[in-house]
Amino acid sequence: MTTKDWLNRGRNLNEEINALIKAKEKALYDACNVSVAYDKDRVQTSRNNSTEAKFARFADYSKAIDERIDELYKIKQEILKAISGVDNSTYRTLLIERYINFKTWEEIAVYMNYSYMHITRLHGKALQ
């Protein structure tokens, strides 16, 4: 695993968490979406409670998200510890913005008041 791959673990996990959050929101929407039967004579004989299953799915997503967030926190701590060993404060700032705050190169360039190309050059030096 390269240094860049090791640092990107947090970014990749953050994207996974965002996808899980979207799935959780859909599960909640599905669980709260109630349909009304207008037929008075219809009786539900199913033993399975579909609403209960939908809320259980929502709870499963919540648990998975919490576990992944805990993992992300640990990864961020490892990455931050490694970044703190970098001597140059400009490099540290760039690495923190990219691998802890998950900013894009463009956002980092604007924040640090450098051009996009200069940020990519600095990044290469910072990784060394």
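Only a predicted model underlies this, so the values are computations on that prediction, with no experimental measurement involved. (Residues numbered from 1 in each chain as written. Predicted model: local features only at pLDDT ≥ 70, side-chain atom pairs only at ≥ 80, totals over all residues. Heavy atoms only, no water.)

### Details of unusual backbone geometry
Inference 1: If you check the backbone angles, phenylalanine 102 has positive phi at about 60 degrees while not being a glycine.
Inference 2: Within the element layout of this structure, phenylalanine 102 appears in the loop between helix H3 (89-99) and helix H4 (105-112).
Inference 3: Assessed through its relative accessible area of 15%, phenylalanine 102 is described here as buried.
Inference 4: Even without glycine at this site, asparagine 113 takes up a positive phi of about 60 degrees.
Inference 5: Within the fold, asparagine 113 resides in the loop between H4 and helix H5 (116-127). (Helix = DSSP H or I, 4+ residues; strand = E, 2+ residues; numbered from the N terminus. Buried < 20%, exposed > 50% of the residue type's maximum accessible area, 1.4 Å probe, protein only.)

### Observations concerning H5
Inference 1: The first and last C-alpha atoms of H5 sit 17 Å apart over 12 residues, in line with the 16 Å expected at 1.5 Å per residue.
Inference 2: Buried within H5 we find Ile119, Leu122, His123 and Ala126. When H5 is viewed along its axis, its buried side chains cluster within an angular range of 105 degrees and face the same direction.
Inference 3: At its buried positions, H5 is contacted by helix H1 (3-32), H3 and H4. (Expected span 1.5 Å × (residues − 1). Arc of directions from axis to C-beta. Contact = heavy atoms within 4.5 Å.)

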